[in-house]
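What the coordinates show
Each chain is listed here by its residues.
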Amino acid sequence: MTIYPALVLDALKQVRYPATGKNLVESGMVADNIRIDGNKVEFSLLLKPRDPFAASLVKAAEQAILTYLGEDVRIKGNVKVEYLPENKSEQEKPLSKVKCRLAIASGKGGVGKSTVSANLAVALAKQGYKVGLLDADIFGPSIPKMFGVEDARPVADDEGRIVPIEKYGIKLLSIGFFVNTGSAVVWRGAMASNAIKQLITEAAWGDLDFFLIDLPPGTSDIHLTIVQTIQLDGAIVVCTPQQVAIADAVKAIDMFENDKINVPVIGLIENMAWFSTPDMPGKKYYIFGRGGVEKLAEERGMALLGRIPIEENVCESSDAGTPLCLGSGGDVVQAFDNVAKSNIFAQISHK
């Protein structure tokens, strides 16, 4: 079989860039330097600096050549990566049309931070605010499922920016949109950080009142990457009443108040505050303890933005992709609506 550049390009049209869904040729990612010497093929891929998909794209390009041009083609090690110059003007002003950028954090996993993020986003949207929600938990993305958009695949606009998925009036982005459902994301810290930067700086977020970032639990490279990429206006720390959770919440607060980060914590949200049985709705059972988060807020001089009780339908609605706050009535919905109506958010939206 005689190999021509056109055949190489046809093979590379079968490889799609994960962030946009467009193929490499359509995306202009194949350099005009295809060299063919017998059965040896060489070319370069044109990518943006620190592209987290670089290594996987090289492997995919090699496999496409072998699949469509023949197993005897010498391609291994002959696909190079050339990085394009950075657009400094774009990097200096990410999210320039967003009024307020808020991180939602927790000191430990399992406190319902993503559930709080999803329902708070819905509650703010119900108040008429324009809301964007970034799922920054690279290794455990859950926002796509909570909004019922697991199969969604973002596309690129005419300027090559990632267009967020819109659901219930909220703009959404998550690494979960770019990996197969159920597949583990096995990336080093630098790759995860670069992916988050792309979802922030290379997406068409547009005009927003609130840009919420659902952070991974704990403190990590992701947190540092975000505060170095954009100027956060504040953070909300989610905590349960358990003493071990409160101890970890203190670490999260200290992280944001660190001199190198210096992000104000605008308040705490106590999740799983109490439980009531259906037959005795007025009876509250404080199964994880009581008063600890309120005391922490007082000691730190922070607002206790809300106390969210445990309800069975919170889990059911999240699994169904319909955040509970889309409805009305019930203690949980009322609690989130009260948070969204608080003076803190009203003041921020009019800054």
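Residues numbered from 1 in each chain as written. Predicted model: local features only at pLDDT ≥ 70, side-chain atom pairs only at ≥ 80, totals over all residues. Heavy atoms only, no water.

Quick notes on the overall build of the protein
What counts, and what does not: Numbering goes from the N terminus for both helices and strands, where a helix is a DSSP run of H or I of at least four residues and a strand is a run of E of at least two. Partly exposed residues are those whose accessible area sits between 20% and 50% of the maximum for their type, while under 20% is buried and over 50% is exposed, using a 1.4 Å probe and protein chains only. We call two residues in contact when some of their heavy atoms are within 4.5 Å.
The secondary structure content of the protein amounts to 12 helices and 12 strands. Across its three principal directions, the C-alpha atoms of the protein cover 80 × 45 × 35 Å. For the protein, with 351 residues in total, the buried portion stands at 50%. Long-range pairs, those at least 24 residues apart, make up 73% of the contacts in the protein between residues at least 6 apart in sequence.

Quick look at the packing of aromatic side chains
We apply this condition: By convention, a stacked pair of Phe, Tyr or Trp rings (six-membered ring in the case of Trp) has centres within 6.5 Å and planes under 30 degrees apart, an edge-to-face pair has planes over 60 apart, and any other such pair is tilted. Geometrically, a lysine NZ or arginine CZ counts as sitting over a ring once it is within 6 Å of the ring centre and also within 35 degrees of the ring normal.
As enumerated under the stated definition, the model contains 4 aromatic pairs in all. On the numbers, 4.8 Å between centres and 70° between planes, the contact of W205 with F211 is edge-to-face. Here W205 and F211 have matching classes, each one buried. The aromatic ring of Y285 is capped on one face by K283, whose charged end is 5.7 Å from the ring centroid. Across the ring face of W274, the terminal group of K284 is positioned such that the distance to the ring centre comes to 4.0 Å.

Regarding the pattern of salt bridges
Convention followed: Salt bridges are identified by distance alone: a Lys or Arg side-chain nitrogen within 4 Å of an Asp or Glu carboxyl oxygen.
Applying the stated rule across the entire model yields 14 salt bridges. Residues R161 and D157 are paired through a salt bridge, measuring 2.9 Å at the closest nitrogen-oxygen approach. On the basis of relative accessibility, which here comes to 34%, the residue R161 falls in the partly exposed class. Relative accessible area serves as the criterion here: at 16%, D157 is assigned to the buried category. Salt-bridge contacts for E270 lead to R307; the nearest nitrogen and oxygen are separated by 2.6 Å. With E270 in strand β10 (residues 265-277) and R307 in strand β12 (residues 304-310), this residue pair connects regions lying 37 residues apart in the sequence.

Things to note about the packing of helix α1 (residues 5-12) against helix α2 (residues 54-69)
For clarity, the cut-off: Throughout, an axis means a line fitted to C-alpha atoms (over the contacting stretch in the case of helices), and angles, computed between N-to-C directions, take values from 0 to 180 degrees. Throughout, a crossing is termed right-handed when the near helix is turned clockwise from the far one, and left-handed when it is turned anticlockwise from it by less than a right angle. Throughout this entry, Asp, Glu, Lys and Arg are counted as charged residues, while Ala, Val, Leu, Ile, Met, Phe, Trp, Tyr, Cys and Pro are counted as nonpolar. The remaining residues, Gly among them, count as polar.
Between α1 and α2, the shortest axis-to-axis distance is 8 Å and the interhelical angle comes to 115°. For the crossing formed where α1 meets α2, the hand is right-handed. Between α1 and α2, the contacting residues are L7, V8, A11 and L12 on the first element and A61, A64, I65, Y68 and L69 on the second. A per-class count over the contact of α1 with α2 returns 9 nonpolar, no polar and no charged.

Structural notes on a nonpolar patch on the surface
Threshold: The patch calculation keeps residues exceeding 30% relative accessible area without a salt bridge and links them within 9 Å when they carry like charges or within 5 Å when they are nonpolar (Val, Leu, Ile, Met, Phe, Trp, Tyr). In these tables, accessible area is a Shrake-Rupley quantity obtained with a 1.4 Å probe, and a residue counts as shielded only by the protein chains included in the view.
Taken together, the side chains of M280, Y285 and I287 define a hydrophobic patch exposed on the protein surface, amounting to about 290 Å² of accessible area. With respect to the helices and strands, Y285 occurs in strand β11 (residues 280-285).

Examining the environment of N119
Quick reminder of the rule: Nitrogen and oxygen atoms within 3.5 Å of one another constitute a polar contact, given that in protein one can donate a hydrogen and the other can accept it, and given that sequence-neighbouring residues count only through two side-chain atoms.
Locating N119 in the fold gives a position in helix α4 (residues 113-126). Along the sequence, N119 and L326 sit 207 residues apart, while their C-alpha atoms lie 8.1 Å from each other. Excluding residues within four positions of it along the chain, N119 makes contact with P323, L324, C325 and F336. A polar contact is formed between the side chain of N119 and the backbone nitrogen of C325, at a distance of 3.0 Å.

Some points on helix α8 (residues 243-257)
Note the following rule: In this analysis, the expected span of each helix is defined as 1.5 Å times one less than the number of residues it contains. Here the arc refers to the directions that run from the helix axis out to each C-beta atom.
With 15 residues, α8 ought to run about 21 Å at 1.5 Å a step, and its terminal C-alpha atoms sit 21 Å apart, in line with that. Taken as a whole, α8 has its buried residues at A245, I246, D248, A249, A252, I253, M255 and F256. What you see down the axis of α8 is that its buried residues fit within an arc of 165°, all on one side. Exposed positions of α8 whose direction lies more than 90 degrees from the buried face are Q243 and K251.

Here's the deal with the UniProt feature "binding site: ATP" (unreviewed entry) in the protein
The criterion, for reference: UniProt positions are given in the numbering used here, feature names are shortened, and annotations may be inferred rather than shown by experiment.
The feature "binding site: ATP" (unreviewed entry), as annotated in UniProt, sits at G107, K108, G109, G110, V111, G112, K113 and S114 in this numbering. Inspection of the secondary structure puts G110 in the loop between β4 (98-105) and α4. Here S114 is to be found in helix α4. In this structure, S114 is in contact with S142, I143, M146 and D214, ignoring residues within four places of it in sequence.

Topic: the sheet that holds strand β2 (residues 40-47)
Operational definition: Being paired, for any two strands, means DSSP has found at least two bridges between them.
With mixed pairing, the 3 strands of this open sheet are ordered in space as β1-β2-β3. Two strands bound the open sheet, and with one partner strand each, they are β1 (35-37) and β3 (79-83). With strand direction ignored, the average angle separating the axes of adjacent strands in the sheet is 20°. Note: β1 against β2, 3 bridges, orientation antiparallel.

With respect to helix α10 (residues 312-320)
Those residues of α10 not exposed but buried are V314, S317 and S318. Down the axis, α10 shows its buried residues gathered within 100° of arc, on one side only. Away from the buried face of α10 by more than 90 degrees, exposed residues E312 and A320 are located. Lining the buried residues of α10 we find α4, α5 (143-146) and α11 (331-340). Looking at the residues trailing α10, positive phi occurs at G321, about 80°.

Quick notes on the packing of α8 against helix α9 (residues 292-300)
As a reminder of what qualifies: For this classification, under 35 degrees means roughly parallel, over 145 means roughly antiparallel, 65 to 115 means roughly perpendicular, and everything else is oblique.
Viewed as axis vectors pointing N to C, α8 and α9 meet at an angle of 25°, and their least axial separation amounts to 10 Å. By the criterion of interaxial angle, the relationship of α8 to α9 is roughly parallel. Seen from above, α8 lies across α9 with right-handed handedness. Of the residues in α9, those in contact with Q243, I246, A249, V250, I253, D254 and E257 of α8 are G292, V293, L296 and R300. Here the residues of the contact of α8 with α9 are counted per class, giving 6 nonpolar, 2 polar and 3 charged.

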